[in-house]
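Examining the three-dimensional arrangement
Okay, here's what each chain looks like letter by letter:
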Amino acid sequence: MKNKRSFTEELSPKQVLELDACTQCGECLKHCPVQAVTGNAAVSPPEKIRMFREFIRSTDGLKARLFGTGKTDRKLLEDFAKAVYECTTCGACGQNCPVGIFTQRLWPMLRKEMVKRGLGPIGVQADMPQAIMNSGNPYDKPASERYKPWFPENVRVAERADIAYYAGCTGAYEAQPMVRGDVVVLNAIGAPFTMLPPEEEVCCGFPLFITGQHDLLEDLVKRLVAGYEARGVKTLVCSCPCCVNIMSRDWPAFYGRELPFTIRHITQFVAGAIKAGTLRITKELRETVIYHDPCYLSRGVGVIEEPRDVLRSIPGVNVIEFERHGLNSRCCGSGGAARKVYHENAIKMGRQTIDEAVAKKADRLILSCPACYAKVNEAMRGYEKQIRITDIMELVSGLITEQEKK
Amino acid sequence: MGTILIIAAYGVYAAFWIRFFLHALLWWKAVARPASFAGPAPPSSVKACALSVRDVVLFWRLLMVNPALWFGEWVFHVSFLLVVLRHLRFFFSTVPEWVWWFQIPGLIAGYVLPLSLVYILIIRRFSVQEKYSSPVNMVLLVLLLAISSLGLLMSTLFMIDVVMVKLFIQGILSFSWAVVPDSLLFLLHFSLVLVLVPLLPTHILTAPLVMLEAEKRKLALPLVMHEK
């Protein structure tokens, strides 16, 4: 493949430095969930960086400058593209990097470069832009089914309110007990909240961002922000860590200025309500629960304590931790849109989460991410180890009295 | 032989600077072009700077993830630095006083350096914890071990005429070439250093900046979704 375009076109100056700064020490491999299930060092972070350095050399090295850019081995490029898309972008490598490379952001940008070269995305990931244009969501499901199958009849949504709830595509179509729990709890808190009509609540852009397909992002973000702004929203609440991550970190860049509202994860909002006394969990739960930190919530935006605060406020509950938790949590396998292509890896990673929860004798595995919820449930199907999997708001919604639900 | 070494030294010196400028150019191009997408930059602070100094000086992040390897790496880097500082006496015609301060520590570091490299090699090759060995890093380790062992031999068992070494180095620097010291160990030592220089990893220059960014990001993380 003849190169004319520099391989650094999509990278920020800091990312150019990061590629240079990798010492190839391999510490990241010990924390990489893909390594844990494949053992294939060829798809490891230092190998990806080493390969990408080679690509950069082919367009920006001394030989390229003196004699013109040469050909880059097509097979090597394809191998790299597979490796960079097999990653779940969980960021555990960067968290444990002795140099501190921000890999949770670097890998998506390398994917973007692959997209520009026609080497990415991989498999069904390529269908997402068209699906989002057709139906507003990456699953290409009709907007009419976005809320209808799960939205509780007794919950009222205001036309305008300071608080808005964004269900998100994965929650609405693939993890419905979770989003149902969200609105039940929001309703119980009592403050009016608004939602966009189903045809207006389009994809937040995260699946496109993470697979390097940025073309639609600005339009999606501007449509969503305008919709919430028109409803007078001051706080946008969402339970999906991936949505929350792109909303808080990247929406301002695509929107072009600061957002007219703040973003809060549902656990932050609910923990605040419990603290303020506007929500009381009265029913007892005599169980040991283990909480899994979603990568994009803990490492991504630093929401670590609030889910635990919510769980600890449940009378009778015993909260235990995974060996790797908080900033160092282990990926459940559903991140980075890799689950859509590398299904077997994702199932194996999900089962590692189940294995540890069972080994620690937890009665229940608590999740707070729709992608984790869908994938870990899928991983448990047909698996010899079984544990009850519950979303955090699904749990809370079942522990508040009927009086409070109304 | 001396002429070949002198020409090679200039070639390596030129290659080093070309490599440096190509890296700088790559970075400058990234700075100059409008970024296709740049997320918000975490704010700078005195605390972030202080923490990154700790990270750079003590290899703190490595200590947190791999204390066994950290021990070897930290000792290696410190002893390497001391040995390099000790070697500066060959590069100044009039040796500044501060270079003299490093002569004894540098001499001791000369003993420690090969030991630390052997330790790192053992950890890297034989620890079941280690899942990855970069071929380039292994070459560098072996090369450094050979260079440091030869250096140690020259300062202990097979003493070399340091005046001749200084004249040789000064000759290269001043373009008035002197005769190469009559020592096979020195020829090997110097040749291997010439092999080492083009392989020197550029992370020595960039890692401190990336560590600073990492500290800034870490301090800013709680502010992403919480009240400022």
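A brief report on the enclosed structure follows. For every chain, the first residue of the written sequence is number 1, and numbering continues from 1 onward in sequence order. In the order they appear in the text, chains get letters beginning with A and ligands get numbers beginning with 1. Predicted model: local features are reported for residues with pLDDT of at least 70 only, side-chain atom pairs are reported and counted for 80 or more only, and whole-chain, interface and lining totals are derived from all residues.

Let us look at the sheet that holds strand β6 (residues 318-321) of chain A. All names here are of chain A. Two strands are said to pair when DSSP picks up at least two bridges between them. Numbering of helices and strands runs from the N terminus; a helix is a DSSP stretch of H or I covering at least four residues, while a strand is a stretch of E covering at least two. One open sheet holds the four strands; their spatial order is β6-β5-β7-β8, and the pairing between them is parallel. Sheet topology places β6 and β8 (388-391) at the edges, where each strand pairs with a single neighbour. This sheet shows a mean twist of 35° between the axes of neighbouring strands, independent of strand direction. Pairing between strand β5 (residues 288-291) and β6: four bridges, direction parallel. Across the sheet, the residue bridging to I290 is I320, located in β6. Residues are scored as being in contact if the C-beta atoms we place from backbone atoms lie within 7 Å. Axes here refer to lines fitted to C-alpha atoms; in helices the fit is confined to the stretch in contact. Angles between the N-to-C directions go from 0 to 180 degrees. Against the sheet, helix α17 (residues 305-312) engages β5, β6 and β7 (364-367), with an angle of about 170° to β5.

This brings us to the nonpolar core. By convention the nonpolar core is taken to be a set of buried residues drawn from Ala, Val, Leu, Ile, Met, Phe, Trp, Tyr and Cys and joined through C-beta atoms within 7 Å. For the exposure call, what matters is how many other C-beta atoms sit within 10 Å of a residue's own: 20 or more marks it buried, 12 or fewer exposed, and in between partly exposed, using C-beta atoms placed from the backbone. By size, the foremost hydrophobic cluster in this structure holds 139 residues, and its most contacted members are A164(A) and C243(A). Judged by nonpolar contacts, the second largest core, of 16 residues, contains L82(B), A109(B), L113(B) and F186(B).

In this section: the sheet that holds strand β1 (residues 163-166) of chain A. All names here are of chain A. Ordered in space as β2-β1-β3-β4, the four strands form an open sheet in which the pairing is parallel. Unpaired on one side and paired on the other, β2 (193-194) and β4 (262-265) mark the two borders of the sheet. Taken together, the two bridges between β1 and β2 define a ladder with parallel strand orientation. Each bridged residue has a counterpart across the sheet, and for A164 the counterpart in β2 is T194. Each of β3 (235-238) and β4 is contacted by helix α15 (residues 266-276), which is oriented at about 80° to β4, the strand it contacts most.

Moving on: the interface of chain A and chain B. Taken together, the contact between chain A and chain B spans 46 residues of the former and 41 residues of the latter. Of all the secondary structure elements, the ones that give two or more residues to the side of chain A that touches chain B are α1 (13-21), α3 (45-60), α13 (241-249), α14 (251-255) and β4 of chain A. By residue number, the principal contributor to the side of chain A that touches chain B is α1(A), which donates seven residues. Residue polarity is assigned by list, with Asp, Glu, Lys and Arg as charged and Ala, Val, Leu, Ile, Met, Phe, Trp, Tyr, Cys and Pro as nonpolar; anything else, Gly included, falls into the polar class. Of the residues contributing to the side of chain A that touches chain B, the split by class is 19 nonpolar, 15 polar and twelve charged.

Our next topic: the environment of N96(A). Its location among the elements puts N96(A) in the loop between α6 (92-95) and α7 (103-116). Take N96(A): there are 22 C-beta atoms within 10 Å of it, and that puts it in the buried class. Separated by 113 residues in sequence, N96(A) and F209(A) place their C-alpha atoms 24 Å apart. When near neighbours in sequence (up to four residues on either side) are disregarded, N96(A) contacts E27(A), C28(A), H31(A) and V65(B).

With that settled, the discussion passes to the pairing of β3(A). Residues and elements named next belong to chain A. Of the strand pairs in this sheet, β1 and β3 are connected by four bridges, and their pairing is parallel. Paired with Y165 across the two strands is V237, which belongs to β3. For β3 and β4, the ladder comprises four bridges, and the chain directions are parallel. Paired with L236 across the bridge in β4 is I263.

Our next topic: the pairing of β7(A). Side chains on a regular strand alternate between the two faces of the sheet. Residue and element names in this part refer to chain A. Where β5 and β7 come together, three bridges link them in parallel fashion. Among the inter-strand pairings, Y291 is bridged to a residue of β7, identified as I366. Here four bridges tie β7 to β8, and the two strands are oriented parallel to one another. For L365, the partnering residue across the bridge sits in β8 and is I389. Looking down the strands as they point away from the viewer, one classifies a crossover as right-handed if the path from the first strand across the helix to the second runs clockwise. A crossover links β7 with its parallel partner β8, the connecting element being helix α19 (residues 370-380), and its sense is right-handed.

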